[in-house]
Amino acid sequence: MNVLSAADLTADCAPLLRTGAGDDEEFLLASFTGVEIHASSSDTGEDDDGETLTLPHSASTGTLFVTTSRVIWLGAAVETHVGYAWETSAVTLHAISRDPTAFPKPCLYCQISSQDMSEVRFVPGDDKTLQEVFDAFCKSAEMNPDDDEDDDEGWICDEDEVADGARAAQLAAHFDAVLQVSPELENGAETGQFDDADEDSLL
């Protein structure tokens with residue numbers, strides 16, 4: 001879990017964005033005030049007992065920031081913690097949930113994998129902005145595609161695959177040499193070869 005402290009904020013209490021050249025520079029895509037957060041994390045330590053832990057700030061209201069590379073939520077200070085930040089690439093799932101049996105309020109449900117697997121729900125104060133929050137997440141996700149989807153392993157072969165390919169090519173060449181088409185078939189059958197015999201000649 002990426003916890004933010006006061007050192008991660010600007011003088012006006014906004015999140016510090018990354019600066020750098022090219023893809024390393026971070027820009028703000030959208031921000032939403034009055035967003036309630038409900039966050040939990042599965043215990044993945046050595047003594048993992050499978051329990052779900054409720055994280056600090058859960059059920060608190062703050063501001064949600066969506067940038068070109070991160071999802072950031074800031075609330076009032078809880079001890080030294082002021083909020084959370086996750087890499088967009090770590091958000092493995094985000095979806096609008098309006099089912100009251102799953103959660104009592106309309107929210108953006110997220111599964112986040114960052115050092116642990118977390119479930120986070122963002123609840124806007126006005127559920128009319130829920131679609132805008134979803135769209136901002138989608139835009140950030142498009143700018144941070146999954147590396148696995150970009151890998152084209154079809155062009156990467158190990159020695160065994162190369163050998164198998166060579167053997168397949170040899171077999172194909174062998175079959176081409178063996179299965180030669182008869183010249184008679186290539187040139188076509190002689191005219192009248194399969195005509196019915198004259199009945200008189202059979203008597």
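Residues numbered from 1 in each chain as written. Predicted model: local features only at pLDDT ≥ 70, side-chain atom pairs only at ≥ 80, totals over all residues. Heavy atoms only, no water.

Participant: Explanation requested: the side chain of arginine 70 in the structure shown.
Facilitator: Checked against the element boundaries, arginine 70 lands in strand S5 (residues 70-78). Assessed through its relative accessible area of 11%, arginine 70 is described here as buried. A polar contact is formed between the side chain of arginine 70 and the side chain of glutamate 26, at a distance of 2.9 Å. (Helix = DSSP H or I, 4+ residues; strand = E, 2+ residues; numbered from the N terminus. Buried < 20%, exposed > 50% of the residue type's maximum accessible area, 1.4 Å probe, protein only. Polar contact = N/O pair within 3.5 Å; in protein donor to acceptor, adjacent residues only side chain to side chain.)

Participant: Explain a negative patch on the surface to me, please; I cannot follow it from the model alone.
Facilitator: Together, Asp126, Asp127, Glu132 and Asp135 make up a region of like negative charge exposed at the surface. You can see aspartate 127 is positioned in the loop between strand S9 (117-124) and helix H1 (130-142). (Patch = residues over 30% accessible without salt bridge, like charges linked within 9 Å, V, L, I, M, F, W, Y side chains within 5 Å. Areas by Shrake-Rupley, 256 points an atom, 1.4 Å probe, with all protein chains shown as cover. Salt bridge = Lys/Arg side-chain N within 4 Å of Asp/Glu carboxyl O. Lys, Arg positive; Asp, Glu negative; His and termini not counted. Charge placed at Lys NZ, Arg CZ, Asp CG, Glu CD.)

Participant: So what exactly am I meant to see when it comes to the side chain of serine 69 here?
Facilitator: With respect to the secondary-structure elements, serine 69 resides in the loop between strand S4 (60-67) and S5. If we ignore the near neighbours within four places in the chain, the residues touching serine 69 are Arg18, Glu26, Trp86, Glu87, Thr88, Ser140 and Asn144. (Contact = heavy atoms within 4.5 Å.)

Participant: Is there a simple way to think about the nonpolar core in this case?
Facilitator: One recurring pattern in soluble globular proteins: nonpolar side chains tend to sit buried together. Counting residues in hydrophobic clusters, the biggest one holds 23 residues, and the most contacted among them are Phe32, Ile37, Leu64, Trp86, Phe122 and Phe137. The leading source of residues in this core is strand S2 (residues 28-42), at five residues. (Core = buried A, V, L, I, M, F, W, Y, C linked by side-chain atoms within 4.5 Å.)

Participant: Hey, could you run me through the confidence of the model for the protein chain in this one?
Facilitator: Parts of the prediction with low pLDDT should not have their coordinates interpreted in detail. In the predicted model, the protein chain carries a mean pLDDT of 77, and the fraction of residues at 70 or more is 63%. Within the model, the stretch residues 150-163 combines pLDDT values under 50 with three contacts to residues more than four positions away or in other chains. (pLDDT = per-residue confidence, 0-100.)

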